[in-house]
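Next come the chains, spelled out residue by residue.
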Amino acid sequence: MEKKQFQLNDIVEMKKQHPCGTNAWKIIRMGADIRIKCEGCQHSVMIPRKEFEKKMKRLVMQADAE
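Summary of the structure given here. Just so you know, these numbers come straight off a predicted model, no measurement behind them. (Residues numbered from 1 in each chain as written. Predicted model: local features only at pLDDT ≥ 70, side-chain atom pairs only at ≥ 80, totals over all residues. Heavy atoms only, no water.)

### Brief notes about the pattern of salt bridges
And then number 1: In this structure the tally under the stated criterion is three salt bridges.
And then number 2: Its salt-bridge partner being Lys57, residue Glu13 comes within 3.8 Å of it at the nearest N-O pair. You can see Glu13 sitting in strand β1 (residues 11-14) and its partner Lys57 sitting in strand β5 (residues 56-61), a full 44 residues away along the chain.
And then number 3: Between Lys55 and Glu51 there is a salt bridge, with its nearest N and O atoms 2.9 Å apart. In this pair, Lys55 and Glu51 both sit in helix α1 (residues 49-55), four residues apart, roughly one turn of the helix.
And then number 4: Judged by relative accessible area, Lys55 falls into the partly exposed class, the value being 41%.
And then number 5: Looking at Glu51, the relative accessible area reads 28%, which means it is partly exposed.
And then number 6: Among the ionic contacts, a cluster of salt bridges with common partners joins Glu13, Lys57 and Arg58. (Salt bridge = Lys/Arg side-chain N within 4 Å of Asp/Glu carboxyl O. Helix = DSSP H or I, 4+ residues; strand = E, 2+ residues; numbered from the N terminus. Buried < 20%, exposed > 50% of the residue type's maximum accessible area, 1.4 Å probe, protein only.)

Spelled out as structure tokens, the structure:
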């Protein structure tokens, strides 16, 4: 199985929907833990990288290369 590719400021879709009704999240911090922010209500959550990779469904929109 290939490793999922993602980077800072990408919009990703998670497997489970957030209580606000959306499942699109923006990656705002990367490291051993990843902080993601809900695109619907702007709530942010920090989760371990391994757990994030397991719960991420797909990449929705890639961040612009700077």
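After presenting the structure, the write-up continues.
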